[in-house]
Amino acid sequence: MEFGSVVFILRFLPAFFILYYLAPGRTKNVVLLLGSLCFYAWGEPICLLPMVLSACSDFIHALLIEKYQGKGTAKILLSSALFFDLCLLFFFGYADFFIETANGLFGTRLIQIGFPLPVGITVYTLQTMSYVIDVYRGKIPAGRNLLEYATYVTMFPQLPIGPIVRYRDLSGALKNKKMNLHQISSGAKRICVGLAKKILIADAAGKLWSEIQLTAPGEMSLALAWLGILAFAFQIYFTFSGYSDVAIGLGACMGFAFPENFDHPYAARSVTDFLGRWNMALTGWMKEYFYQAVAPEKSGAIRTMIAFILTWGLIGLWYGPDWTFVLCGFWMALFYLVERLFLGKVLKFLPSILCWAYAMLVVAIGWVFFALEDVTDVMTYLRSAFGMGSGAILDRRFLFLTLEYFPLLICASFFSLPVVSRLLSGLENGRNGMSIAITRFLEKVYPAVCLLLALTYLVGRGW
Amino acid sequence: MEDKKNDLFTIGIIAVILLTFAVMDLLFQAGLIHSAGTKTPDPLPMFTARSFLNGKYFEDYDAYSVKSFYKGPQWSKLVRGTEIILGKREFQGILLGKKNTYFESRSGKKTGETAIADSLDFLEKLAADFDAKIMLIPTADEIWKDRLPAYAAYFDQEEYLDSVRERVGEDRYVDLLQTLNEHKAEEIYYRTAPYWTSLAAYYGYYAWWEKSGKLFPYYYDLDRKILVTNHFAGPFVKRTGMDDRGEEMFILKETEGKQVTVCYDDRVTIEGYYRPEYLDAQNPCGYYLGDEFGLANIRTESQRKNVLVVIGDLNANVMIPLMAPHYSTILLINPNYYQGDLWGFLAEQKGEETEYLVLQGVLDFVELFDVKE
């Protein structure tokens, strides 16, 4: 089920929350589990299989790991649990990708499985892996309540794209939910804002990007190529951050505190800064469970560097089975390393605007890798973007599309930078009765306006 | 206390909006309320074990749930209206130009050089082998360029038509670009459809007559035109779902009530040029001689034993009633639908009393040669 669909917003969500709030105490977990299974099964019922297998495997493995804690058996059990998780992920999510790569490299004719990448598999696999690793490391006791554990694994809000949550952060709320009015109100606001980001901005930016893609990369004018990058940058940011807002909001309404996932990444003044603001939960997971395992503290420089590049390659692969995602990860990692080596020191002496321009240039090029499936297309596109293609500097298509999408471009720029929050806090700090009243009024009204606009657009665009 | 009131207000207003939409949706789906335009919800998607397992059912249901929302078309108009106010001009591949004129968008479309070259070769061969007259009709975005939204893409038809004239020779080329440009201030194209009107066809007829060497033109009186409808809403309106009041459609008095039979694809024979049943159809331009046929064999009242073979689209349908008095038989081939061997068919018709004519919109004609990969 998609967050930005009539079925989810107008049917699933009201029915779910009515049942959830009516359910007493721990039965809320039953409602949440059943709701999550319905959410997940809607669209791809067959994809429940890997999720159930993964949840059962890790639940049993964790109990056994705890039993043999401190012994060699625990390590074998951990390896077995992780191996099983990765096999599921590989088979259901990445098998075709590797088969295609092998066929391309070695000229083999291996038959592809043709199984669609199940939604959320990359999220819940990392969640279940972190659970068994934490049990192995002794950070948490193994869960003994299958219902609570299954609820954690299948929880629908963060399934589409995160934020990835750890069992240790939710186990308290799974046992005993403490909900208050303020938490629900904040959650509801986040849901409205998230839906508006996805339906009003991300989808429109996606449409612009699709229209730009009608022109072959080699024939694009320089201006059109950059408009395309901008459209894609807005599409990907508002999709991910919109979905994360909805997930965090839903979590809050249910009594869970999910971690923040995006912190205005397009306001970053270096690539390091950008990476620290983009999909923070995923980056945090990779750092804790992969990077630190491969290159523990005091590791040599080369090992650290290799671990770092591998981490970012895997982060790229997490987004989908495509080499261009991996290349995007490597591209970002390269600049992160350069900044750590020397550029970071140089940036400190440059004006903020130049630092921001440099960071956005690197990110923009990274998005070209992310947006296109073919490396040749990426190179052709970049040639056009830097004026080395067959297109002109400026063309009618660019001017037409800029006029068509001008309000979108303005809104997306405005909301992707921390302008609104600064304006609101500026008003609130004004210590002036009027400015405080305006802030309060805006805070009360804007979620409703966002929701109303999103719903209107959602039901109106189908015709 | 104040914070609690604020929180309650926020939750309340969001819940009210969400539930209002949800209840509207629910009651409408249950058939308890009806909305104009969509009296009953669309039929539910087909549920089968296969469609359930491969996810197709859910995909269709998601689309269905949006499409069958209460008063869907009105919500759509609201969204469109807002987008127009915000400056959007392209909807579903249709451009909304000045004076409420719709144009087919050429955004991202590139007419291939091969298609252009192939189409010119085709015309040259047709002119050389069959002495065909070439009458390509510039489309509205050429003549009414000034009505296009700013910076909208368009195909330079003038340059293409110059090449056509050069390849087929001045004698066989009927210059409609100049003719229509002279009348560009008049309603020579439908605002809501990609075709010329009876008025443009009237000007086109006289341009053709001058070139054709016919002794006398058949005289038409524009003052005696007959209004067919003043709510003509062409396919562009239907495609975009715009709220358009429609426009006038008229025919020339002299073309009505003729003893004419039209046989479509050797299957169905109908009398008369006009098909009123098309006025409420998806493409009301089918009013002129129908739509979606490969070959129409038109027998007129003329006592002459001559034949006109026309390769043309719906634009040709508009003009054929005006040309009919000069021929006893008109064979109209619509290349968009014709499945047979075109060159073979043209050769079969060859004779002293047979004339050939290409009468088609420029863009539609060139696109025939645009072979998609």
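Analysis parameters
- Residues numbered from 1 in each chain as written.
- Chains lettered and ligands numbered in written order.
- Predicted model: local features only at pLDDT ≥ 70, side-chain atom pairs only at ≥ 80, totals over all residues.
- Helix = DSSP H or I, 4+ residues; strand = E, 2+ residues; numbered from the N terminus.
- Contact = placed C-beta atoms within 7 Å.
- Nonpolar A, V, L, I, M, F, W, Y, C, P; charged D, E, K, R; others polar.
- Domains from an automatic or database assignment.
- Core = buried A, V, L, I, M, F, W, Y, C linked by C-beta atoms within 7 Å.
- Buried ≥ 20, exposed ≤ 12 C-beta atoms within 10 Å, placed from the backbone.
- Pairing = 2+ DSSP bridges.
- Expected span 1.5 Å × (residues − 1).
- pLDDT = per-residue confidence, 0-100.

(A) Main features of the overall build of chain B. Per the secondary structure count, chain B includes 13 helices and 12 strands. Taken along its principal axes, the extent of the C-alpha atoms in chain B is 95 × 50 × 45 Å. Of the contacts made within chain B by residues no fewer than 6 positions apart, 68% connect residues no fewer than 24 positions apart.

(B) Representation of the interface of chain B and chain A in the model. Every contact between the two is made by 44 residues of chain B and, on the other side, 42 residues of chain A. Of all elements in the fold, only helix 1 (2-29), helix 2 (49-53), helix 3 (56-67) and helix 4 (72-85) of chain B reach the threshold of two or more residues within the side of chain B that touches chain A. If one sorts the elements of the side of chain B that touches chain A by residue count, helix 1 of chain B sits on top with 16 residues. A breakdown of the residues in the side of chain B that touches chain A according to their chemical character gives 25 nonpolar, 10 polar and nine charged.

(C) The domain arrangement of chain B, seen in detail. Residue and element names in this part refer to chain B. As assigned here, chain B comprises domain 1 (2-104) and domain 2 (113-367). One C-alpha centre belongs to domain 1, the other to domain 2; they are set 40 Å apart. If you look at the interface, domain 1 gives 17 residues, while domain 2 gives 17 residues. Listing elements by their share of the side of domain 1 that touches domain 2, those giving two or more residues are helix 4, strand 2 (94-96) and strand 3 (102-104). The greatest single-element share of the side of domain 1 that touches domain 2, amounting to four residues, is contributed by helix 4.

(D) Just the domain arrangement of chain A, in detail. All names here are of chain A. Under the domain assignment, chain A is made up of domain 1 (6-177) and domain 2 (183-417). For domain 1 versus domain 2, the separation of C-alpha centres amounts to 26 Å. For the side of domain 1 that touches domain 2, the elements supplying multiple residues, two or more each, are helix 1 (6-22), helix 4 (72-106), helix 5 (121-136) and helix 7 (167-175). Broken down by element, the side of domain 1 that touches domain 2 gets its largest block of residues, five residues, from helix 5.

(E) Quick look at the nonpolar core. Ranked by internal contacts, the top residues of the largest apolar core, which has 229 residues, are Ala 205 of chain A together with Ile 134 and Val 310 of chain B. Examining the composition of this core, we find that 22 residues originate from one element, helix 9 (residues 222-254) of chain A, more than from any other. The contacts of Ile 134 of chain B, once residues within four sequence positions are left out, are Leu 123, Ala 127, Val 164, Val 168, Arg 172, Tyr 173, Val 174 and Val 358 of chain B.

(F) Examining the sheet that holds strand 1 (residues 90-91) of chain B more closely. All names here are of chain B. If you trace the three strands from one edge of the open sheet to the other, you get 1-2-3, paired in antiparallel fashion. Where the open sheet ends on each side, the last strands, each with one partner, are strand 1 and strand 3. The pairing of strand 2 with strand 3 spans three bridges and is antiparallel. The residue of strand 3 that forms the bridge with Ile 94 is Glu 104.

(G) Fine view of the pairing of strand 8 (residues 268-271) of chain B. Residues and elements named next belong to chain B. As paired strands, strand 7 (residues 261-264) and strand 8 are joined by four bridges and run antiparallel to one another. Each residue of the ladder has a partner; that of Val 262, found in strand 8, is Ile 270. Where strand 7 hands over to strand 8, the hairpin turn is made up of three residues, of which Asp 265 adopts a positive phi near 50°.

(H) Seen up close, helix 5 of chain A. Residue and element names in this part refer to chain A. Taking 1.5 Å per residue, 16 residues should reach 22 Å; helix 5 reaches 22 Å between its end C-alpha atoms and fits that length. Judged by how many residues are buried, helix 5 sits mostly within the fold: 14 of 16 residues are covered. In the stretch just after helix 5, Gly 138 is the one whose phi turns positive, near 75°.

(I) Quick look at the confidence of the model for chain B. Residue and element names in this part refer to chain B. In the predicted model, chain B carries a mean pLDDT of 86, and 94% of its residues have values of at least 70. Residue range residues 35-39 is modelled with pLDDT below 50. Its contacts to residues more than four positions away, or to other chains, number six contacts. Of the two predicted TM-score estimates for the complex, the pTM is 0.87 and the ipTM is 0.82.

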